[in-house]
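# Overview (structure and organization)
Residue-level listing of the chains:
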2 protein chains.
Amino acid sequence: MNFCSLCDVRPQSICAEMSEEEIRSISRTMAHHSVKEGHAIATEGEPVTHLNVIVSGTFRLVRMLEDGRRQITGFMFPGDFVGMSRTDSSYTAEALEPSLVCSFAHNFLDQMSEKHPGIKDRLIARGSSELAKAQDHIVLLGKNTAEERVLSFLKLVGRARRGEDRFSPRIYLSMPRQDIADYLGLRMETLSRTFAKLKKTGHLKTVSGRYVELGEAFELAG
Amino acid sequence: MNFCSLCDVRPQSICAEMSEEEIRSISRTMAHHSVKEGHAIATEGEPVTHLNVIVSGTFRLVRMLEDGRRQITGFMFPGDFVGMSRTDSSYTAEALEPSLVCSFAHNFLDQMSEKHPGIKDRLIARGSSELAKAQDHIVLLGKNTAEERVLSFLKLVGRARRGEDRFSPRIYLSMPRQDIADYLGLRMETLSRTFAKLKKTGHLKTVSGRYVELGEAFELAG
DNA sequence: CGCCTAGTTGAACAATATCAAAAATAGTGG
DNA sequence: CCACTATTTTTGATATTGTTCAACTAGGCG
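Residues numbered from 1 in each chain as written. Chains lettered and ligands numbered in written order. Predicted model: local features only at pLDDT ≥ 70, side-chain atom pairs only at ≥ 80, totals over all residues. Heavy atoms only, no water.

## Quick look at the protein's contact with DNA strand D
- Within the structure, DNA strand D sits among 15 residues, and Ala146(A), Arg187(A), Thr190(A), Arg193(A) and Ser192(B) are positioned closest to it.
- Looking at DNA strand D alone, sugar and phosphate atoms form 58% of those within 4 Å of the protein.
- Between Arg193(A) and DNA strand D, the recorded distance is 2.7 Å, taken from a side-chain N or O atom to a base oxygen.
- For DNA strand D, a phosphate oxygen lies 2.6 Å from a polar atom in the side chain of Ser192(B). (Near = heavy atom within 4 Å. Polar contact = N/O pair within 3.5 Å; in protein donor to acceptor, adjacent residues only side chain to side chain.)

Laid out in structure tokens, this is it:
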């Protein structure tokens with residue numbers, strides 16, 4: 001059976017431009033991995049041999065400091081790419097839940113891109129959009145208060161995970177509080193208090209474990 | 001006369017892999033711009049038509065928030081690339097001093113890359129290293145104290161501008177305090193106080209306007 | 001039910017921001 | 001070269017925000 005034909009993220013992936021025939025041929029040789037919670041598909045400092053396209057699940061990108069402090073530089077959702085360049089990975093990418101990825105050897109991509117020059121353009125464009133996301137994150141950390149950070153974060157996951165529960169004002173967080181805190185540059189306690197405060201101001205209706213219900217004052221649009 | 005033959009940054013640029021003959025032919029058609037202080041070679045939200053390679057000078061990458069707050073997402077030095085993808089620019093790039101850039105139309109690059117497939121690989125690799133730099137910045141803003149931020153910043157410009165004054169413990173800052181503060185996610189006053197504190201701790205010997213002399217306790221190596 | 005982990009809350013504290021003013025520096029025209 | 005102004009940078013006093021450390025609570029699971 002042809003796995004690719006079921007693929008939700010194909011239009012956003014590098015295989016979008018391939019013909020049905022090519023897809024079939026790839027589908028046979030391709031490595032589809034399922035990744036267990038907590039397992040890494042890339043490790044900080046190690047060489048990257050494969051481009052991974054996330055088909056389902058969520059990943060966190062982790063940077064460790066020498067002294068054990070940890071910063072999360074991003075979260076990756078279905079359709080996102082991990083390992084776009086052969087250079088050593090600048091982060092560790094760990095699954096937050098059982099996930100599915102589609103793995104392309106860079107050697108294979110080089111080969112493939114002779115036929116489909118668009119593949120490399122797509123990688124360049126993806127790279128730029130990753131950079132733009134990183135810059136959003138920089139602005140968030142450099143200029144925003146705790147409340148602004150938490151709201152931005154909720155918008156981020158709200159957008160990324162839309163479709164699972166379309167238009168629902170209820171968001172499921174696939175990561176523990178510590179990960180959110182390490183992403184937002186806050187302590188877990190501050191995050192907790194900020195959730196509480198946002199409940200008071202009507203931005204959130206309920207915050208219960210990993211479920212957050214958005215309130216009146218919250219605008220997903222922004 | 002052949003301008004490219006004098007180019008300091010060629011080995012790091014996309015023209016590194018071209019033959020002498022090609023360089024000559026490019027050199028004739030190429031746009032070498034001099035950019036006045038304060039002028040932009042890319043504007044947030046506007047489409048990018050050219051890849052700019054910085055030949056000399058310094059640029060700041062600026063993001064404006066709706067309310068007028070400003071975040072600087074990076075500084076660009078000779079050898080760096082601005083505008084690697086055709087997508088709309090995610091920042092404004094402004095010259096901090098009279099600068100020189102070498103400008104390649106993306107159309108031209110596409111054409112060129114048929115002959116030199118390495119060009120796109122180079123762009124992808126550059127993109128990754130930009131992303132890695134952005135992630136360093138994220139860690140800086142998310143996890144570091146004011147002192148750590150200022151020290152990292154000095155290391156950054158120290159490395160980038162080495163060569164002008166090789167091994168000198170004296171660093172010239174091509175940007176005003178406000179830009180440094182907006183880069184580090186601090187207020188100017190805090191930056192100033194942090195400089196003062198670092199002088200006390202022996203990390204800096206003198207801080208006078210745009211010149212900073214490093215002290216004993218400062219390790220450029222890290 | 002009791003234990004374990006994840007998350008929340010409280011009170012004191014530290015770091016950075018804010019606002020105001022002083023000092024240093026860079027330009028400008030005589 | 002100097003005096004004068006405008007701008008940038010530093011310093012001071014105080015307010016705010018987020019951190020720290022400790023205790024407490026809520027769920028999940030044997």
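## Observations regarding the domain arrangement of chain A
Residue and element names in this part refer to chain A.
- Taken domain by domain, chain A holds domain 1 (4–141) and domain 2 (144–214).
- Between the C-alpha centres of domain 1 and domain 2 there is a distance of 25 Å.
- Of the residues lining the interface, 16 residues belong to domain 1; the matching set on domain 2 comes to 16 residues.
- Both sides together, the interface formed by domain 1 and domain 2 hides about 1400 Å², and carbon and sulfur atoms give 57% of it.
- Taken as a group, Phe-75, Phe-77 and Leu-140 account for 44% of the area that domain 1 buries against domain 2, more than any other trio of residues on that side. (Domains from an automatic or database assignment. Contact = heavy atoms within 4.5 Å. Buried area = accessible area lost by both parts, 1.4 Å probe.)

## A word on the interface of chain B and chain A
- Every contact between the two is made by 35 residues of chain B and, on the other side, 35 residues of chain A.
- Carbon and sulfur atoms supply 61% of the area buried between chain B and chain A, which totals about 3100 Å² over both sides.
- Connecting chain B to chain A are 8 salt bridges.
- The shortest N-O distance in the salt bridge between Lys143(A) and Asp182(B) comes to 3.6 Å.
- In this structure, the connection of chain B to chain A is made through 20 residue pairs in polar contact (both at pLDDT 80 or more).
- When contributions to the side of chain B that touches chain A are tallied by element, the ones reaching two or more residues are strand 4 (59–64), strand 5 (70–76) and helix 3 (118–143) of chain B.
- Counting residues per element, the side of chain B that touches chain A draws most heavily on helix 3 of chain B, which supplies 18 residues. (Salt bridge = Lys/Arg side-chain N within 4 Å of Asp/Glu carboxyl O. Helix = DSSP H or I, 4+ residues; strand = E, 2+ residues; numbered from the N terminus.)

## Examining the sheet that holds strand 5 (residues 70–76) of chain A
- Pairing is antiparallel across the open sheet formed by 4 strands, whose spatial order is 2-7-4-5 (chain A). With partners counted over all chains shown, the strands left at the sheet margins are strand 2 (40–42) and strand 5 of chain A, one partner each. The sheet shows a mean angle of 30° between the axes of neighbouring strands, direction not considered.
- Each of strand 4 (59–64) and strand 5 of chain A touches helix 3 of chain B; the most contacted strand, strand 5 of chain A, lies at about 125° to it. (Pairing = 2+ DSSP bridges. Axes fitted to C-alpha atoms, helices over the stretch in contact; angles between N-to-C directions.)

## Some thoughts on the relation of the copies chain B and chain A
- You can overlay chain B on chain A at an RMSD of 0.0 Å; the transform is a turn of 180° with a shift of 0.0 Å along its axis. Taken together, these values place the two copies in the relation of a two-fold axis.
- When the interface residues of chain B are mapped onto chain A, 100% of them again lie at the interface, so the same face is used by both copies. (Least-squares fit on C-alpha atoms with pLDDT ≥ 70 in both.)

## Considerations on the side chain of Arg60(A)
Residue and element names in this part refer to chain A.
- Relative to the elements of secondary structure, Arg-60 occurs in strand 4.
- On the basis of relative accessible area, Arg-60 is assigned to the buried category, the value being 15%.
- Within polar-contact distance, the side chain of Arg-60 engages the side chain of Glu-94 at 2.6 Å.
- A distance of 2.6 Å separates the side chain of Arg-60 from the side chain of Asp-179, its partner in a polar contact.
- Those residues in contact with Arg-60, other than ones at most four positions away along the chain, are Arg-70, Ile-72, Gly-74, Phe-75, Thr-92, Ala-93, Glu-94, Leu-96 and Asp-179. (Buried < 20%, exposed > 50% of the residue type's maximum accessible area, 1.4 Å probe, protein only.)

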